[in-house]
Amino acid sequence: MDPVRNPYAPGAGQRPPELAGRGRELEVFDIVLERIARGRPERSLVLTGLRGVGKTVLLNTLRSQAINRLWGTGKIEARPDQSIRRPVAAALHMAIRELAPRHRAPDRIDDFLGVLKAFALRSAPAGAGRGAGATRLRDRWQPGIDVPAASGRADSGDIEIDLVELFTDAAEVAADVGTGVAVFLDEMQDLGPEDVSGLCAACHELSQLGAPLIVVGAGLPHLPAVLSAAKSYSERLFRYQRIDRLDRIAADQALCAPAAREQVDYEPKALDLLYEKSGGYPYFVQAYGKATWDSAPRSPVTAADVRVAAPEAEAELAVGFFGSRFERATPAEREYMRAMAALSLVEAPDGDDGTGGGPRDDMDAAVSTAEIARSLGRKPASLSPARDALIKKGLIYSGERGTVAFTVPHFGRYLRTQPA
């Protein structure tokens, strides 16, 4: 079939042609926006899930919903070892610029931008004054705000105090024009402990005030534990939504709807095999769909077409999705992950996976760190550096004490195919 007409889009954060299986999340967010517009109390949102399930795509779609309601929005991506100040300042600058043309008092906008500039430029801790650290930050980065920095507001150097004041002021600007502000934060688990604590404190204050500003975060499955470690009330502070693989109906829709728009059909057995290969993970659905389209000679697409295309899809995933992550690991970290992969191959009870038992690759199952140590003939403490480094690199996560799991679906299967 014509590759130019291929509708599938396997890309990082790239919206698929058919956003299937996410209707509930979109509906929930629409209700949140409407409640806030009516002055009703609401919580900020946190999306969690493995890599490849479409968290970034969903985050971008939710942002589009807010924009359509004339909210001010900004989006940032957290990075390890980077302060939240500059990214948050840039996001709120963007959000307020969207609201400014509808505000009747330009001076009010300038006042807020002065506070925003002070927040962005304040890097030294409270009591340190405008020392060398703060001066160096001023010299190498300018936030593009023409008004002078304010004094005495959001510039204490304490991120918790400053975020509360900054978010409160931004919410007041939004309230002036009868709308809201939404800050979208991807890779939220990579925030430092102080930034997580400050963000939780700010969201707590906003919820108590009923202020029209919310944070919509996305991160790996252990993000709720990260937030809870910072503030004990975080489990009540956010509305958590787990983003998982697509069920069979949604996966078929993701494949069939865009194909139908190009007058292409799938045979039922082809869809059976595509779901088996992809596991319902949105990124894999797109990858196998794209390769199958390019290989199929005509419509309808058959199971034979899928079998011919599968090696090409798997080769591309091996390089771009799995291999790039594997290459980031040291030899000791790779040894640790290989042990995890071996332990993740479990025996399925009869009827559990429709095959009457036998080995099953359970990608979502956590593996005991004690079992990993035993399999390697090592003491658990000696493996802690490798485990901690893998967690920091975002390759594994610890959802419960004493266990770890891969952040990437099908990663264990990939590792078992690689030579030692």
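Conventions and cut-offs
Residues numbered from 1 in each chain as written. Predicted model: local features only at pLDDT ≥ 70, side-chain atom pairs only at ≥ 80, totals over all residues. Heavy atoms only, no water. Helix = DSSP H or I, 4+ residues; strand = E, 2+ residues; numbered from the N terminus. Buried < 20%, exposed > 50% of the residue type's maximum accessible area, 1.4 Å probe, protein only. Contact = heavy atoms within 4.5 Å. Core = buried A, V, L, I, M, F, W, Y, C linked by side-chain atoms within 4.5 Å. 1 Å grid on protein atoms, 1.4 Å probe; cavity = no way out; pocket = protein on both sides within 12 Å on 5 of 7 lines; lining within 4 Å. Points joined across faces, edges and corners; volume = space filled by probe spheres on them. Pairing = 2+ DSSP bridges. Axes fitted to C-alpha atoms, helices over the stretch in contact; angles between N-to-C directions. Disulfide = S-S within 2.5 Å. Polar contact = N/O pair within 3.5 Å; in protein donor to acceptor, adjacent residues only side chain to side chain. Expected span 1.5 Å × (residues − 1). Arc of directions from axis to C-beta. Phe/Tyr/Trp six-rings, centres within 6.5 Å; stacked < 30°, edge-to-face > 60°.

A.B. asks: Just to check I follow, could you spell out the overall build of the chain for this structure?
C.D. replies: When helices and strands are counted, the chain shows 17 helices and ten strands. For the C-alpha atoms alone, the extent of the chain along its principal axes is close to 65 × 60 × 40 Å. Sorting the 420 residues of the chain into buried and exposed places 50% on the buried side. For the chain, the share of sequence-separated contacts (at least 6 apart) that also reach a separation of at least 24 residues comes to 76%.

A.B. asks: I would appreciate a short explanation of the nonpolar core in the present structure.
C.D. replies: Soluble globular proteins: nonpolar side chains tend toward being buried together. In terms of nonpolar packing, the biggest core is built from 75 residues, with F29, Y266, Y336, M337 and F411 touching the most fellow members. Top contributing element to this core by residue count: helix α13 (residues 303–326), with nine residues. Not counting chain neighbours up to four residues away, the residues in contact with M337 comprise F326, A329, L390, L395, F406, F411 and L415. If you look at the next biggest cluster of nonpolar residues, it comprises 51 residues, including A89, V164, L199 and L227.

A.B. asks: Sorry, what's going on with empty space enclosed by the protein here?
C.D. replies: It is a probe the size of a water molecule, rolled over the atoms, that shows where empty space is left. Applying the stated criterion to the full structure yields three cavities of 30 Å³ or more. Examining the composition of the lining of the largest cavity, we find that three residues originate from one element, helix α7 (residues 193–209), more than from any other.

A.B. asks: I tried to follow the sheet that holds strand β1 (residues 44–48) on my own but got confused; where do I start?
C.D. replies: One key point about sheets: their strands pair by backbone hydrogen bonds, in either a parallel or an antiparallel sense. Ordered by their spatial adjacency, five strands build an open sheet running β2-β3-β4-β1-β5, and the pairing between neighbours is parallel. The strands lining the two open edges of the sheet, one partner per strand, are β2 (72–77) and β5 (238–242). Between one strand axis and the next, the sheet turns by 15° as a mean value, whatever way the strands run. Pairing between β2 and strand β3 (residues 181–186): six bridges, direction parallel. Across the sheet, G72 pairs through a bridge with V181, a residue of β3. Contacting β3 and β4 (213–219), helix α6 (residues 159–176) runs over the sheet at an angle of about 120° to β4. Lying on the sheet, helix α8 (residues 223–230) is in contact with β1, β4 and β5; it crosses β1 at an angle near 135°.

A.B. asks: Is there a simple way to explain unusual backbone geometry in this structure?
C.D. replies: Trans is the common state for peptide bonds, and a negative phi is the common state for residues other than glycine. Residue P300 is bonded to the preceding S299 through a cis peptide linkage, with omega at 0°. Relative to the assigned elements, P300 resides in the loop between α12 (282–295) and α13. Backbone geometry at D81 places phi at a positive 65°, although glycine is not the residue there. As for its position among the elements, D81 is in the loop between β2 and α3 (85–99). The exposed category is assigned to D81, whose relative accessible area is 72%.

A.B. asks: Would you mind going over the state of the cysteines with me for this structure?
C.D. replies: Throughout this description, disulfide means a covalent bond between two cysteine sulfur atoms. A complete count under the given rule lists zero disulfides for this structure. In this structure C200 is a free cysteine whose sulfur lies 6.8 Å from that of C203, the closest cysteine sulfur available. Since its relative accessible area comes to 4%, C203 is described here as buried.

A.B. asks: Can you walk me through the side chain of Q189 in this structure?
C.D. replies: You can see Q189 is positioned in the loop between β3 and α7. Of note is the side chain of Q189, whose polar atom sits 2.7 Å from the side chain of E187. Only 3.0 Å separates the side chain of Q189 from the backbone nitrogen of L220, close enough to count as a polar contact.

A.B. asks: I keep staring at the sheet that holds strand β10 (residues 403–406) and nothing clicks. Help me out?
C.D. replies: Pairing within the open sheet is antiparallel, and its three strands lie in the order β8-β10-β9. Among the strands making up the open sheet, the edge pair consists of β8 (367–368) and β9 (396–397). As paired elements, β8 and β10 share two bridges and run antiparallel to each other. Bridge pairing in β10 links S368 to T403.

A.B. asks: How should helix α1 (residues 23–37) be read in this particular structure?
C.D. replies: It helps to recall that an α-helix has 3.6 residues per turn; residues three or four apart then point in one direction. Between its terminal C-alpha atoms α1 stretches 21 Å, which fits the 21 Å expected from 15 residues at 1.5 Å a residue. Inspection of α1 places E25, V28, F29, V32, L33 and I36 among the buried residues, and these make up the whole buried set. Considered in projection along α1, the buried side chains sweep an arc of 140° and stay on one side of the axis. In α1, those exposed residues whose orientation departs by more than 90 degrees from the buried face are R24, E27 and A37. Buried residues along α1 sit in contact with β1, α2 (55–68), β3, β4 and β5.

A.B. asks: Would you mind showing me how to read α6 here?
C.D. replies: Taking 1.5 Å of rise per residue, 18 residues should cover 26 Å, and α6 covers 26 Å from first to last C-alpha, within 8% of that figure. For α6, a buried count of 13 out of 18 residues is recorded, marking the element as mostly surrounded by other parts of the structure. Between a side-chain oxygen at the N-terminus of α6 and the backbone nitrogen of E160 the separation is 2.9 Å; the capping residue is D158. Count one or two residues on from α6 and you reach G178, which has phi positive near 70°.

A.B. asks: Before we go on, may I ask you to explain the packing of aromatic side chains in this structure?
C.D. replies: Each aromatic ring pair is characterised by the separation of its centres together with the angle its planes make. Under the defined criterion, the tally for this structure stands at 14 aromatic pairs. With 4.7 Å between their ring centres and 20° between their planes, Y283 and F321 make a pair best called stacked. With Y283 in helix α12 and F321 in helix α13, this pair connects stretches of sequence that are 38 residues apart. F321 matches Y283 in its accessibility class, with the two residues each being buried. Taken together, a centroid distance of 5.3 Å and an interplanar angle of 80° make the contact between F406 and F411 edge-to-face. Given the relative accessible area of 0%, F411 is considered buried.

A.B. asks: How should the environment of L376 be read in this particular structure?
C.D. replies: With respect to the element layout, L376 can be found in helix α15 (residues 369–376). Placed 280 residues apart in sequence, L376 and I96 show a C-alpha to C-alpha distance of 54 Å. With near-sequence residues (within four places) excluded, L376 lies in contact with E335, Y336, A339 and L383.

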